[in-house]
Protein chains: 4
Amino acid sequence: MNFISDNAYGAAPQILKALTEAAEGAMTSYGDDAITARLSAKLASIFERDVAAFPVVTGTAANALALATICPPYGAVLCHESSHIAVDECGAPEFFTGGAKLALLEGANAKLTPAILERGLQRFGSGVHSAKPSAISITQATELGTIYSLAQIEAIANVAHGHGMTLHMDGARFANALVTLGCSPAEMTWKAGVDALSFGATKNGALCAEAVIFFDRTRAEEFEYRRKKAGHLVSKMRFISAQLDAYLKDDLWLANARRANALAKTLGDGLAAISGVTLASPVEANGVFAWMPGPLAARLRKEGATFYDWTREPERVMARLVVSFATPEADVAKFIAVAKS
Amino acid sequence: MNFISDNAYGAAPQILKALTEAAEGAMTSYGDDAITARLSAKLASIFERDVAAFPVVTGTAANALALATICPPYGAVLCHESSHIAVDECGAPEFFTGGAKLALLEGANAKLTPAILERGLQRFGSGVHSAKPSAISITQATELGTIYSLAQIEAIANVAHGHGMTLHMDGARFANALVTLGCSPAEMTWKAGVDALSFGATKNGALCAEAVIFFDRTRAEEFEYRRKKAGHLVSKMRFISAQLDAYLKDDLWLANARRANALAKTLGDGLAAISGVTLASPVEANGVFAWMPGPLAARLRKEGATFYDWTREPERVMARLVVSFATPEADVAKFIAVAKS
Amino acid sequence: MNFISDNAYGAAPQILKALTEAAEGAMTSYGDDAITARLSAKLASIFERDVAAFPVVTGTAANALALATICPPYGAVLCHESSHIAVDECGAPEFFTGGAKLALLEGANAKLTPAILERGLQRFGSGVHSAKPSAISITQATELGTIYSLAQIEAIANVAHGHGMTLHMDGARFANALVTLGCSPAEMTWKAGVDALSFGATKNGALCAEAVIFFDRTRAEEFEYRRKKAGHLVSKMRFISAQLDAYLKDDLWLANARRANALAKTLGDGLAAISGVTLASPVEANGVFAWMPGPLAARLRKEGATFYDWTREPERVMARLVVSFATPEADVAKFIAVAKS
Amino acid sequence: MNFISDNAYGAAPQILKALTEAAEGAMTSYGDDAITARLSAKLASIFERDVAAFPVVTGTAANALALATICPPYGAVLCHESSHIAVDECGAPEFFTGGAKLALLEGANAKLTPAILERGLQRFGSGVHSAKPSAISITQATELGTIYSLAQIEAIANVAHGHGMTLHMDGARFANALVTLGCSPAEMTWKAGVDALSFGATKNGALCAEAVIFFDRTRAEEFEYRRKKAGHLVSKMRFISAQLDAYLKDDLWLANARRANALAKTLGDGLAAISGVTLASPVEANGVFAWMPGPLAARLRKEGATFYDWTREPERVMARLVVSFATPEADVAKFIAVAKS
């Protein structure tokens, strides 16, 4: 019963197979190969426009490289205080930008709102003594498993652009959000005003593959230099591109996400029905955040469940339970059963 | 007839198979898994001592992270002017160190010597006005396909340590050098005074796998933080470790290197026997550097050969021909045949 | 009636005179001169021990260089959310450290406490995914004009050292705090556990002179390299050292601070006696923070007073009134009189 | 007989006097004061156009901040191998740019030429694997006391602009070059194609004052943020501006430079007339570089002369003798006399 993270599971068979196929013969290195070209075309098709897309191997690299491309060293990125870039990346954004600041903002359900952002911007009033607000970063789905609606994204984009800032979306769980909204990738990104996207695949079935996508191609040259300078330009690029290519093929990414989300819903519903357990946030993607008494958490662990305590209080814990593309259905059922018992 | 680079070829079947095996089930992320533990044990065994070993996905990351761990922002790394860190990494060492300098030194066959290093150190005489010489980096095998003998490495290590510096070895083609010398990995590294090693596997059969190895475990904590902060801590680490594990299993790495070196020898011998062609450096690993008339180079390309002009002169070019673990024997034979005709 | 900052005033005549005297003849550059040597001896005497002291020209440089010397790129500095390093330095600490994080903590009267720090440290629980808590920085006197007692400093130092961290003190208004406590410089620093000090002089009578002081001389080499690399090693160092030398001579620094503090006390008492005005924090140094109705603030400005609104609310503002070594007594009297009327 | 550097001497009396005058009363900090405004107007007048000018306190800061504004982290700055930015700044340009590279080029008399630059550019052929050539930096007067003619500057500017690069001039000894050429500041800079200038005053009579000047005002915002983030925005800016203001008033800067140059000419002529002494480069500014037998150098030092050995050979040394605005005439005469005897 591993619910510790969606990156605790391996890789989808279709993606593994693609790697073996990609291994054949000699190809040009560093991304000038046919598989990467095919991937680029596929992304352009999925996003319904020309995009500048760059494979990398980690979400931290995707985020930090994207932010460094849109935020100067003397800039600030406004983000939620619980965002991955703020909490889980050991200061990668600060490193890649050359010392920019993350301005941490509070908000219910791990989400920002225009009002929160406008208040946050008031911190920056003193010319060069403050960092220059340069970008907003939102996470879709969020670190609490919640989802921005298209209207919410658009409203945030308006704040960003109204203040001369750029909007970045950390889409480590992009597919999970997309299938919930039931909209198109274009609608969830550039049509709503997103300028730069970290498009995740690792958590949803790849081995190590993400893509940074800019909807404005003029960012491309700078990004390519930064990716190389950061050691993130993989020589045998075909093997990263092939993962993404297989991920997108035949809607594998959407199927994987739908499966994980559905199981998470089942898990959330099952837990919510248990006396003493309450959901901390609505289950809108593949994560379940549930308050439960400490003894219950302990019992679940004793029975073999693994998960994080997202927050600990004297009497209770908020458990984070993440369901992946490959989490066994039986594990979900068993977890609920143990919790009930 | 692709001789453009050893990273133009795919991946060894054994390594691909290992990926599929590694994909099974749930595991702890970020390196705290059984495959990574097995790899660490294997590396300790191969190097005949406890080592701190860290998988990463590119050689540039390996080099730049290693150098940042041993050279402060105000330091200088002495290296050959043709070294990969100086020429091919877009300033990654400068970025990762926070602005350290590479001091570029000339030397025959792309190799440094104690005398060259001592002369190079004389540039640094003015206290804090100069950067502080902090590390020496050598490449084994070198960018011209040559090899340092154990005595040569040891002599350079003595210069490094005598001046309070650390010795780094860029071993992107470590196996190719090792099988030529016929020594043990321990002899070619820490027993000769190497402190930090970029241990390459990608060019010799992996998809995207290198390891940074410190022979002094006290470097480990700093390196781990730096790797994470640089976005180089892969979440599903099992997939990087599994490549290295398979690479080392049953001496695959040595077999691959022997094959490539032998073919390179054949290619070099074949070319050297042709009138008008001369080898620019001895063929000691898997690279052949050959001066040839411009028209010959053009004819070879017309027949389908791909390779770099390492140096261009009005009448002739120095062709770089790199043989990989998977280069077809027939391609070597054909290349020689075309050159002869 | 300029109360906008203590750096709005010029320089003490004794310090200007010292510059003219220092201009005579040829001297060794970059700090190897007699005046700098005299200053070092004077600081050692004042601090009752050998210290490594380095003149620089701004407080931001002093803080950021000091922090970069004690906090690695992957580290975090715990500090108050209102601290100058967090709010007023445009991310200089992040830049100089190579991307370290400032962990911002709340606390009454702009002060940290051991309990606040211990709670803050709980954010850092996840190994290399979080930055490594490496330093604590406190401001003495604080940005709200308050002062840490010796016992409070010592308690914070114990938290720092107990967690393997280093304690930095931003002493931009060191003298103002010192004369309030009536203790020795040694007592307010290393005897209480402070490891690194930004010793300010500019706000209290110098033109552009601060000193970074380490009580552990092993920091010296690294700091000297960092200072040079940051362009903060002044060639004609005699002119910075001479300012500090004159500042310390005949207790000028203490006299200036006493004067400013006394005037601030007068100003604070005068305002506190006015109906509708309340002090936001106790007046312990040379700053007065007073809540007053918006119309009163407007009237004061109309009469020629300048000051910052530290906080604005619909009905009232918190005015920051800073008194310097050179603020005319008449301005203080007039300000109170206008406020009363 | 101090000929070690032009920064070994103090400050011009007119500049010291200006400091005392500038100390009066309260002013806005951080450059929003009347003296800084007056300086900006004066620089605009001297350069015959609107300029964005920013006082800083060291030449290293001026150079590194200017370069960081015109060269991205993944860029390269082409410069002479003997340039101050390459040799004497402990890697400040690398630090401020976030890891850009200096591409070091050889050239007679410490000067670059279009041919040298075009050859240097050929190193950068491999896309993102190399740094991106982004700027050229020349020194006027050079580190060997020589001077670029207007035509030479213009030819270099054409190379820069033809390759999409920016031209920076390190004018630490700007005045010394200007009076030799007998041209206008405009002619020696923007009219010849210079984009960014480090305008030196410290070596020629100021205490600690340089200005970074951009002839394209769109650089201003970025520079101001960078200056602040680097701790180089002096709070009591009036005191830096006042130095520059007095430096430019009544042509003090030109008079000081003429005096130093004339004495250097005298010194050079005197030495060149001595058997066994030869000038290593023409005396075109305030530096004399003279080859002399080792014993002669030793004798001069025994008689009290101080100077650097710029180069040492077994039989002879190249002495660097720098004359400042304040070097006593008698010292020059005595030095020649001792050398002759």
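Mapping chain D onto chain C calls for a screw motion: a turn of 180° about the axis and a shift of 0.0 Å along it, with 0.0 Å RMSD after fitting. What the rotation and shift describe, once combined, is the action of a two-fold rotation axis. It is D:Ala230 whose C-alpha, among those of chain D, lies nearest the rotation axis, at 3.7 Å. Looking at the interface residues of chain D, 100% of them are also at the interface in chain C, so both copies use one shared face.

You can overlay chain B on chain C at an RMSD of 0.0 Å; the transform is a turn of 180° with a shift of 0.0 Å along its axis. A shared binding surface is used by both copies, with 100% of the interface residues of chain B retained as interface residues in chain C.

Residues and elements named next belong to chain C. In space, the seven strands of this open sheet follow the order S1-S7-S6-S5-S4-S2-S3, with mixed pairing throughout. Edge strands, defined here as strands with exactly one partner in the open sheet, are strand S1 (52-56) and strand S3 (101-105). With direction set aside, neighbouring strand axes in the sheet form an average angle of 20°. Bridge count for strand S5 (residues 166-171) against strand S6 (residues 196-200) is four bridges, and the pairing is parallel. Considered in S6, the bridge of Gly171 is made with Phe199.

It is worth spelling out the pairing of strand S5 (residues 166-171) of chain D at this point. Residues and elements named next belong to chain D. Among the six residues that make up S5, six are buried, leaving the element largely enclosed by the rest of the structure. Burial along S5 is two-sided: the residues Thr166, His168 and Asp170 and Leu167, Met169 and Gly171 are all buried. In this sheet, S5 lies alongside strand S4 (residues 132-139) in parallel orientation, the contact comprising five bridges. By the bridge assignment, Ala135 is partnered in S5 with Thr166. Crossover connection from S4 via helix H7 (residues 150-162) to parallel S5: handedness right-handed.

Counting residues at the interface gives 46 residues for chain D and 46 residues for chain C. If you sort the residues of chain D by the area they bury against chain C, D:Phe95, D:Lys229 and D:Lys236 come out on top, with a joint share of 20%. Linking chain D with chain C are zero salt bridges, by the criterion used here. Counting across the chain D and chain C interface gives 29 residue pairs in polar contact (both at pLDDT 80 or more). Class assignment for the residues of the side of chain D that touches chain C results in 25 nonpolar, 14 polar and seven charged.

Between chain B and chain C, the contact holds 20 residues from the first and 20 residues from the second. Both faces combined, the contact of chain B with chain C buries some 1,800 Å², and carbon together with sulfur accounts for 65% of it. Together, B:Tyr74, B:Val128 and B:Tyr225 form the three largest contributors to the area buried by chain B at its contact with chain C, with a combined 40%. Taken together, the connections running from chain B to chain C amount to two salt bridges. Across the pair C:Lys132 and B:Glu221 runs a salt bridge, and its minimum N-O distance is 2.6 Å. Along the contact surface separating chain B from chain C lie six residue pairs in polar contact (both at pLDDT 80 or more). Of the residues belonging to the side of chain B that touches chain C, the class tally is eight nonpolar, five polar and seven charged.

Residues and elements named next belong to chain A. Running from amino to carboxyl end, helix H8 (residues 174-181) crosses helix H12 (residues 252-272) at an angle of 80°, the nearest separation of the two axes being 8 Å. In terms of axis orientation, H8 runs roughly perpendicular to H12. Across from Phe174, Ala175, Asn176, Leu178, Val179 and Thr180 in H8, the residues of H12 making contact are Trp253, Leu254, Ala257, Arg258, Ala260 and Asn261. Of the residues contributing to the contact of H8 with H12, the split by class is eight nonpolar, three polar and one charged.

All names here are of chain A. Split by domain assignment, chain A resolves into domain 1 (13-251) and domain 2 (253-340). Using C-alpha coordinates to define each centre, domain 1 is positioned 27 Å away from domain 2. Of the residues lining the interface, 23 residues belong to domain 1; the matching set on domain 2 comes to 21 residues. Looking at the side of domain 1 facing domain 2, the largest losses of area belong to Leu144, Val179 and Asp251, adding up to 28% of the total buried there. Counting across the interface, domain 1 meets domain 2 through zero salt bridges. Counting only elements with at least two residues in the side of domain 1 that touches domain 2, the list comes to H8 and helix H11 (238-248). No other element matches the six residues that H8 contributes to the side of domain 1 that touches domain 2. Looking at the side of domain 1 that touches domain 2 residue by residue, the class counts come to 12 nonpolar, seven polar and four charged.

The rules we used
- Residues numbered from 1 in each chain as written.
- Chains lettered and ligands numbered in written order.
- Predicted model: local features only at pLDDT ≥ 70, side-chain atom pairs only at ≥ 80, totals over all residues.
- Heavy atoms only, no water.
- Least-squares fit on C-alpha atoms with pLDDT ≥ 70 in both.
- Contact = heavy atoms within 4.5 Å.
- Pairing = 2+ DSSP bridges.
- Helix = DSSP H or I, 4+ residues; strand = E, 2+ residues; numbered from the N terminus.
- Axes fitted to C-alpha atoms, helices over the stretch in contact; angles between N-to-C directions.
- Buried < 20%, exposed > 50% of the residue type's maximum accessible area, 1.4 Å probe, protein only.
- Right-handed = clockwise from strand over helix to strand, strands pointing away.
- Buried area = accessible area lost by both parts, 1.4 Å probe.
- Salt bridge = Lys/Arg side-chain N within 4 Å of Asp/Glu carboxyl O.
- Polar contact = N/O pair within 3.5 Å; in protein donor to acceptor, adjacent residues only side chain to side chain.
- Nonpolar A, V, L, I, M, F, W, Y, C, P; charged D, E, K, R; others polar.
- Parallel < 35°, antiparallel > 145°, perpendicular 65-115°, else oblique.
- Domains from an automatic or database assignment.

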